[in-house]
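Residue-level structure breakdown
The lines below spell out each chain.
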Amino acid sequence: MHAAIIDDSATDIRFLFDNICRYCEEHKVHMQVDCFDNEQKFLTVLKEKKYDLVILDIYMKRINGDQLAQVIREKYPKCQIIFTTASQEHAVKAFKIRALDYLVKPYSYEELENSLNRFEEVYKSFLHYIEVKEGRQYTKILITDILYVDYHNHYIQIHTTSNVVRSYMPFDKFAPELRPYAQFLWCYRNCMVNMDYITAVEDKDFVLTDGKRIPISRAMHQEVTQAYADYMFEYVNRRSPV
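Here the structure is a predicted model, which is why all the values come from computation and not from measurement. (Residues numbered from 1 in each chain as written. Predicted model: local features only at pLDDT ≥ 70, side-chain atom pairs only at ≥ 80, totals over all residues. Heavy atoms only, no water.)

**A word on the pattern of salt bridges**
What counts is decided by this rule: Any Lys or Arg side-chain nitrogen located within 4 Å of an Asp or Glu carboxyl oxygen qualifies as a salt bridge. Strands are runs of DSSP state E lasting at least 2 residues, helices are runs of H or I lasting at least 4, and numbering of each runs from the N terminus. Note on classification: 1.4 Å probe, protein chains only; a residue is buried when its accessible area is under 20% of the maximum for its type, exposed when over 50%, partly exposed between these limits.
Taken as a whole and judged by the stated rule, the model has 11 salt bridges. The partner of R14 in a salt bridge is D18, with the nearest N and O atoms 2.9 Å apart. Of this pair, R14 and D18 both sit in helix α1 (residues 10-27), four residues apart, which is roughly one turn of that helix. Of the residues examined, R14 reaches a relative accessible area of 47% and is grouped as partly exposed. Linking K105 and D57 is a salt bridge whose minimum nitrogen-to-oxygen distance equals 3.5 Å. Linking K105 in the loop between β5 (101-104) and α5 (109-125) with D57 in strand β3 (residues 53-57), this pair joins segments that are 48 residues apart in sequence. Taken together, the shared-partner salt bridges in this structure form one network comprising D7, D12, D57 and K105.

Here's what the structure looks like:
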């Protein structure tokens, strides 16, 4: 695993680095950690290097942490971000950027440990995939790459962050593949959406991160929107500081 610390305070960088090393030793985890006291240096390295985790101070001299997080998200959508901040007021920003967590300074090793435990859970989930037949070959698709799945002309259409995979099979035969994953929601007949990619709920549609609008079933509108609200409530609670 590759991680980056970005903070303009040498003291905060040292605290983070030492305690990440402690975490790795105690949890038997291998993590390569790069430290940056300048966001421009980080952006230069980011052009060539992929990070699994970035721990980012939201108050930076040149570029605000939330703006920097957007750059990271655009280049590496699966990179997890943990904000460090002097105030809880940035919880909403962290939520909108889909940050994994945020730590309010001064935070303890135990709080950092909880955040890193969450990161490990998410990182392991990247290994989860489904396998479908596309033409004459089988294609593996990471669960975290799926935006939504719909059905057209007897083909399952799996819309991912990079392309669309089409497989000839009934929807009810495919749906059980996603049943173990709580982030998938039936929004209308023969369509399941990954709630982690929803950015807004409008009267008749879900709006996804790529701007795509997914209709919500009229008959199940209240049930579907409530299920999404419950999922988001649980998401925020998992990431709220104690």
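**Looking at the packing of helix α2 (residues 39-46) against helix α3 (residues 65-75)**
The cut-off we apply is this: Where helices are involved, their axes are fitted lines through C-alpha atoms of the stretch in contact, as for all axes, and angles between N-to-C directions lie from 0 to 180°. Convention used here: angles under 35 degrees read as roughly parallel, angles over 145 as roughly antiparallel, angles from 65 to 115 as roughly perpendicular, and any remaining angle as oblique. In what follows, residue pairs with any heavy atoms lying within 4.5 Å of each other are defined as contacts. Throughout this entry, Asp, Glu, Lys and Arg are counted as charged residues, while Ala, Val, Leu, Ile, Met, Phe, Trp, Tyr, Cys and Pro are counted as nonpolar. The remaining residues, Gly among them, count as polar.
Between α2 and α3, whose axes approach to 12 Å, the crossing angle comes to 5°. Viewed along their axes, α2 and α3 adopt a mutual orientation that is roughly parallel. Contacts between α2 and α3 involve E39, F42, L43 and L46 on the former and, on the latter, L68, V71, I72 and K75. Taken together, the residues that form the contact of α2 with α3 break down as six nonpolar, no polar and two charged.

**Focus: the confidence of the model for the chain**
In low-pLDDT segments, the atomic positions of the prediction should not be examined closely. As a reminder, the rule being used: As a per-residue measure, pLDDT reflects the predictor's confidence and takes values from 0 up to 100.
Residues at a pLDDT of 70 or more form 91% of the chain, whose mean pLDDT is 88. At the level of individual helices and strands, the chain shows its lowest average pLDDT in helix α4 (residues 91-96), which scores 56, and its highest in strand β12 (residues 191-194), which scores 97.

**So, α1**
We apply this condition: Here the expected span of a helix is defined as 1.5 Å times the quantity of residues minus one. An arc is given here, and it is the one of the directions from the helix axis to the C-beta atoms.
Helix length check: α1, at 18 residues, gives a terminal C-alpha distance of 25 Å against a target of 26 Å (1.5 Å per residue), a fit within 8%. All buried positions along α1 are accounted for by I13, L16, N19, I20, Y23 and C24. Down the axis of α1, the smallest arc covering the buried residues is 145°, so these residues share one side. Pointing more than 90 degrees away from the buried face of α1 are the exposed residues A10, T11 and E25. Taken from the residues just after α1, K28 is the one with a positive phi, measuring 55°.

**A word on the sheet that holds strand β4 (residues 80-85)**
Which entries qualify depends on this criterion: For two strands to be treated as a pair, DSSP must find no fewer than two bridges joining them.
Pairing in this open sheet of five strands is parallel, and the strands run β2-β1-β3-β4-β5 from one edge to the other. With partners counted over all chains shown, the strands left at the sheet margins are β2 (32-36) and β5, one partner each. Put simply, the sheet's adjacent strands are angled 15° from each other on average, direction ignored. α1 contacts β1 (2-6), β2, β3 and β4 of the sheet and is inclined by roughly 180° relative to β2.

**Quick look at α3**
Every buried residue of α3 is accounted for by G65, D66, L68, A69, I72 and R73. Angularly, the buried residues of α3 cover 155° about the axis, an arc narrow enough to put them on a single face.

**Some points on the packing of aromatic side chains**
Aromatic ring pairs are described here by two measures, namely the spacing of the ring centres and the angle between the planes. For clarity, the threshold we go by: For this analysis, a ring pair means two rings from Phe, Tyr or Trp (six-membered ring only for Trp) whose centres lie within 6.5 Å, classed as stacked if their planes differ by under 30 degrees, edge-to-face if by over 60, and tilted for the remaining angles. Only when the NZ atom of a Lys or the CZ atom of an Arg is both within 6 Å of the ring centre and within 35 degrees of the ring normal do we say a charge sits over the ring.
Throughout the structure, instances matching the rule amount to nine aromatic pairs. In textbook terms, an aromatic cluster arises when at least three aromatic residues are bridged by ring pairs, as seen for Y151, F171, F174 and W186. The positively charged end of R22 is found above the aromatic ring belonging to Y109, 3.6 Å away from the centroid. We note R166 situated over the ring of Y155; from NZ or CZ to the ring centre the distance is 4.3 Å.

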